[in-house]
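Summary of the model geometry
Residues per chain, in single letters:
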Amino acid sequence: MVNLNYCIYHLHSYYSLLDSCTNPEDYIKKASECGMKAICFTEHGNEFNFFEKKQLCDKYGLKYLHGIECYITESLDEKVKDNWHTILIAKNQQGFVEINRLFFLSYQKDHFYYKPRITVDEFLAISDNVIKISACIQSPLWQFRKSILADEVKNLDRMKKYIQMCKHYDYYEIQYHSFPDNLEYTKFLWELSKRYNKSLIVGTDTHSLDKYKAECRTILQYGKTDNAWGDPENECDLTFKTYDELVEKFREQNVLPMDIVLEAIENTNVMADSCDVLTFDTHDKYPYLYGDKDEEVMWDTIKRNYKQKRDAGIISNDMTYVDQIKEEMTVFKKVNMVGFMLFMSEMMTWARDNHIATGFSRGSVSGSMVAYITNITDVDPIKWRTIFSRFCNEHRVDVGDIDTDWYEDDRPKVYDYIINRFGTEKTAYILALGTMADKSAIAVICKALRNINKDSPYTLEKMEYIKAEYDDDPEGTKTKYPEVFYYFEGLKDCVVSQSQHPAGIIASPVNLIDFCGMFLGSDGQQILPLDMDMCHDIGLVKYDILGLKTIGVIDKTCKMIGKYFPKSYEIDFTDQAVYDDMAQNPATVFQFESSYAADCFKQMHCRSIDDISLVNAALRPGGASYRDRLFRHEVNDNGSELINELLKNSYGFLCFQEDISAFLQKICGFSGSDADSVRRNIAHKDPEKIAKALPQILEGYCSKSDKPREIAEQEAKKFLKVIEDSSSYMFNYNHALGYSLLSYLCGYYRHYYPVEYCTAYLSCAKNDDDLFNGQQLARDLNIKFENVKFRHADWDYSCDSSKRVIYKGLREVPRMSLSACDALRSLYFTEFDSFNDLLKAMAEVKVNVSQMENLIKLNYFEEFGDINYLLEYLKLYKKFQNRKKRYELIAENMVNVPKGLTSVYDMIQYSYDVCGMVTVVYSSIADNYYFVSDIKGTKYTLYQISTGKNVQLRIRAKLTKQTPINVTDIISVYAKDIKPEGKWHQNTEGKWVQSTDTFEDVVQKYQVLKKS
Ligand SMILES: [Zn+2]
Ligand SMILES: [Zn+2]
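For every chain, the first residue of the written sequence is number 1, and numbering continues from 1 along that sequence. Written order determines the labels here, with chains lettered from A and ligands numbered from 1. Totals for whole chains, interfaces and linings use all residues, but because this is a predicted model, local features are given only for residues with pLDDT of at least 70 and pairs of side-chain atoms are given and counted only at 80 or more. Calculation of side-chain values draws on the structure's entire complement of heavy atoms; hydrogens and water are dropped beforehand.

A word on the side chain of Q143
Secondary structure elements are defined from DSSP: runs of H or I of at least 4 residues count as helices, runs of E of at least 2 residues count as strands, and each element is numbered from the N terminus. Structurally, Q143 is set in helix 5 (residues 140-149). For this analysis, residues touch if any pair of their heavy atoms sits within 4.5 Å. If near-sequence neighbours (up to four positions away) are discounted, Q143 is found in contact with W84, I137 and Q138.

See the structure below:
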């Protein structure tokens, strides 16, 4: 008997965002188990990660068909939300390109309307390289027809278009669903197929692997929208069907004769057989900039820059430079990376020439001499002893990449440079897909249960509670709420949203629209339908343009002192005054901003860049074994002079991956590439390959050692054991070095230009912690921190270094605009006899009343009087708005208004009114005075008025019942009244117990000083 089967081609995975929670692999695995030969996914309007599906098809031995369920609109003239469904499947390679182009077209601004769409005319122009199938009941064959039938006057043009569409489809899709409209539609399609001599084909419109996944899908849809969708019981069965189940479904439907159905099922196989096997070029797609001349141009670039650096005395005449360049170029040529290095050189030279600040180096590229000479990095591998093979070697299989660091605001310029250099068709951003995390799954399920049943016990509060419990005890919580967690596994990790990868951009030598498709993001930016892993797998080269706050801090400091971001040779990296300063107070120093890192940094008391790199390695978990001894600057004896000498810059400790390469290269005589391969094998704990390399290691070591063979071999073996034990979590020296130089820069500028550095740091602050740290540093350095002040405040933070004062920028004031800021600054050098005169002047330069009010409340006009006094002025200013003698009237009415009546409490309240949070600090106020900024249950967020720091404390309901506290009250809490207590939680039996390992601060006593 022939084993009957069909090809499932109308299929949705979780890439049809929120319309499925089944992953592609589950379908492909199932299809392969059923003995299917081919499979086609047709996601709603997208091609997301199609290459993953192709790879999975190869893995399970299925033929991959490339398809999409696209949306069609009648016309673009008037935006109508018709959005009919149609299936397109690539018949061959050209068809694949054609679908990609349609996909891109459907996202263009004039096409997109709720969904990416193509027009009826564009559909009619699709070639024979694409198979066109009519899809579900949302098909134009049914919906367009209904719309025409509803026309009051017969519209011949529409009818003609409709008939053309009928004729243009290759297959009419019938589905087994038994709701009345579909029964009618199925009958209609059979008639239509006879009329136009078209084949019927069976589509399943599968959305879920099985019944469980279908239930989870329902929950997903109810949980992700605010309105209930209808009755979940009435939904169609969209689960995966075996051949027999499919036949049975049509038998139940009982609309068409079974021989017609069976033929339509067989047509899925006919359709699949008619498609070519698609192939994808996965070679590394490094750029070609000058055709076959890239190498020549690269050599010219190297020679020119080498000469320039040598003549300027930046590098020495030492032939080692030349030798290393030659060796590296041989490797780059072998791995086809010359064009890539050339492009990176052009880009980084452009940036450095135009003073767009960028780091010295990030990642392993610090080891490359070519990168240094051609301005890709600013790290001299000879001076800093970085290792090339860590970056690139001839055995490498992965696409090489070079990540770069920039100030956030400069990143768009760099992207623009790349896009202009390659052209828009060869550059695109990378897709990022959001998946459902554990706790968002809990939230979605609870919400869905509420939407399905309004009396559900899973209220918002209950949901928050379950989430908190899940944090403490995941397994216990799962058994406690079986109704919720029934859906959990089915929804967890399901793809639910799309966005753009935050840092990466792809640039390639091929047209990316044709190669893999492209779509447009919400800002019109071009994005590939492939995520980062898929881009990697298909051989696309990614450029990571990363934002790094420290770059901005250094750059802004330099600009304030009239300089540019420094070149590494311009800085003295051995200045002990700088090291002493950093050791005493590592605050705001790059990489050592967390309290743990800062503490390690202090303990080590660094004296050199090497020391900074070492702390960085040591503070990681891998450094636990040597951390304490290193911090005491103790020297480790490895029982071998050769190894002690090798590790002399790290006090004899093995801290960096590159030390292994150096051991293999310099002592055992391996080539750079071989050394890196052995290092990787050790890191991946591959005993077979390590054993294979062992004789050469021993041979090399013994020949270098002047000890007897037996002893030398023991030494080498002992060290190999140390390597094997620590290799998997060792630090990357090349990377650490580049970053240590940046850490030093922070210390350097902070030491010599403290006011400018602090100002720059505050300007670049990314969050409250940064702001707090910047202000704290200002206090530590005896720099006065002023809120916005008339005659001083700029748009951004600004400073007066001779007076050691930093002024907050107007940017931070709500309702302020750049033009209002400029207007105010135009008045900074004018003398005013009274606030009245200033009001008049401000009216002339167009500062509006709400801006004035906010500025007054923030004490910006302090020199003219206190806040309450100036607010009186403003009241009159508004009152007499349309009066001729406005300013005379104001002056008359102000005569009897007293000055100086604004209390600190009032000023805090005003600051809160304007900014939605307190932004003023009064260091003279007692440390135990707090402003209540937020209350969540018994959890209080309190703003410490003397420091500007927010603290989280718990206050028992029992206490607040007696003495109520509201948001914006000012209270005093005594330090001795704050006690750490074990957190309360419900155990598996539902009993309340107090934790013995997690604590929180609980207030025992407080006083309300000021009610809001
Ligand atoms: Zn559909
Ligand atoms: Zn569909």
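Still more ground to cover, so stick around.
With respect to the coordination of the zinc ion (ligand 1)
Coordination here is defined by N, O and S atoms within 2.8 Å of the metal (3.2 Å for Na, K and Ca), and since water is not considered, a site can look incomplete. Around the zinc ion (ligand 1), the protein contributes the donor atoms E69 (OE), H85 (ND1) and C136 (SG), at 2.0 to 2.4 Å from the metal centre. Read N to C, the donor residues that coordinate the zinc ion (ligand 1) are spaced as E-x15-H-x50-C. A separation of 3.3 Å is found between the zinc ion (ligand 1) and the zinc ion (ligand 2), both of which receive a donor from E69. Residue H85 is located in strand 3 (residues 84-90), and its partner C136 is located in the loop between strand 5 (130-133) and helix 5; the two are separated by 51 residues in the primary sequence. Exposure class is identical for H85 and C136. Each is buried. Only protein chains enter the area calculation, which uses a 1.4 Å probe; residues under 20% of their type maximum are buried, those over 50% are exposed, and those in between are partly exposed.

Details of the coordination of the zinc ion (ligand 2)
Around the zinc ion (ligand 2), the protein supplies H10 (NE2), H12 (NE2), E69 (OE) and D205 (OD) as donor atoms, at distances of 2.1 to 2.3 Å. Under the classification used here, a metal with four donors is tetrahedral if each angle lies between 85 and 135 degrees, square planar if opposite donors are over 155 degrees apart and the others between 65 and 115, a six-donor metal meeting that same test is octahedral, and anything else is irregular. For the zinc ion (ligand 2), the four donor atoms are set out with angles of 80 to 171° between them, so the coordination reads as irregular. One chain supplies every donor for the zinc ion (ligand 2), spaced along it as H-x1-H-x56-E-x135-D.

Overview of helix 2 (residues 50-60)
Those residues of helix 2 lying buried are F50, F51, E52, K53, K54, L56 and C57. Phi for G61, located one or two positions after helix 2, is positive at around 75°.

So, the pattern of salt bridges
What counts as a salt bridge is simple: a side-chain nitrogen of Lys or Arg found within 4 Å of a carboxyl oxygen of Asp or Glu. Following the criterion strictly, the structure yields 65 salt bridges and no others. A salt bridge links K478 to E475, with the shortest nitrogen-to-oxygen separation between them at 3.5 Å. Taken together, the positions of K478 and E475, both in helix 19 (residues 474-480) and three residues apart, correspond to about one turn of that helix. Classification of E475 by relative accessible area gives exposed; the value is 52%. One salt bridge connects D796 with K556, and the closest N-O pair in it is separated by 3.6 Å. With D796 in the loop between strand 14 (784-786) and strand 15 (798-800) and K556 in helix 24 (residues 549-560), this residue pair connects regions lying 240 residues apart in the sequence. Bridged by salt links that share partners, the residues K556, D796, R811 and E812 form one connected network.

Points about the sheet that holds strand 16 (residues 805-807)
The strands making up a sheet associate through backbone hydrogen bonding, with each pair oriented either parallel or antiparallel. Here, strands pair whenever DSSP counts at least two bridges between them. Pairing in this open sheet of three strands is mixed, and the strands run 14-16-15 from one edge to the other. Only two strands of the sheet have a single neighbouring strand rather than two, namely strand 14 and strand 15. Within the sheet, the average angular offset between the axes of one strand and its neighbour, ignoring direction, is 20°. As judged from the three bridges shared by strand 14 and strand 16, these two strands associate in the parallel manner. Bridge pairing in strand 16 places K784 opposite V805. Working convention: axes come from line fits to C-alpha atoms, limited for helices to the stretch in contact. Angles between N-to-C directions cover 0 to 180 degrees.

Description of the environment of Y873
Following the sequence through the fold, Y873 ends up in helix 40 (residues 867-879). Look at Y873 and you get buried, because its relative accessible area is 6%. Here the alpha-carbon distance between Y873 and N987, two residues 114 residues apart in the chain, equals 61 Å. Here Y873 is in contact with S834, F835, N836, L839, I890 and M894, once residues within four sequence places are set aside.

Quick word on the sheet that holds strand 9 (residues 427-435)
Strand order across the open sheet formed by six strands is 8-13-10-9-12-11, with mixed pairing between neighbours. Two strands lie at the open edges of the sheet, namely strand 8 (404-406) and strand 11 (519-520), each paired on one side alone. In this sheet, strand 12 (residues 526-531) lies alongside strand 11 in antiparallel orientation, the contact comprising two bridges. Looking across to strand 12, one finds that F519 is bridged to I527.

A word on the side chain of D294
Note that D294 resides in helix 11 (residues 294-311). In this tally, Asp and Glu contribute negative charge and Lys and Arg positive charge; neither His nor the terminal groups of the chain are included. Lacking a salt bridge, the buried D294 has R421 as its closest oppositely charged neighbour, with an N-O distance of 7.1 Å.

A few points about helix 8 (residues 211-223)
Three- or four-residue spacings in an α-helix give side chains the same orientation, since the helix completes a turn every 3.6 residues. The span one expects for a helix is its residue count, reduced by one, times 1.5 Å. For helix 8, with 13 residues, the first-to-last C-alpha span of 18 Å sits near the 18 Å given by 1.5 Å per residue. Of the residues making up helix 8, those classed as buried are K213, C216, R217, T218, I219, L220, Q221, Y222 and G223. Along its buried surface, helix 8 packs onto helix 17 (438-452), helix 21 (488-491) and strand 10 (495-507).

In short, shape yes, function no, at least from these values alone.
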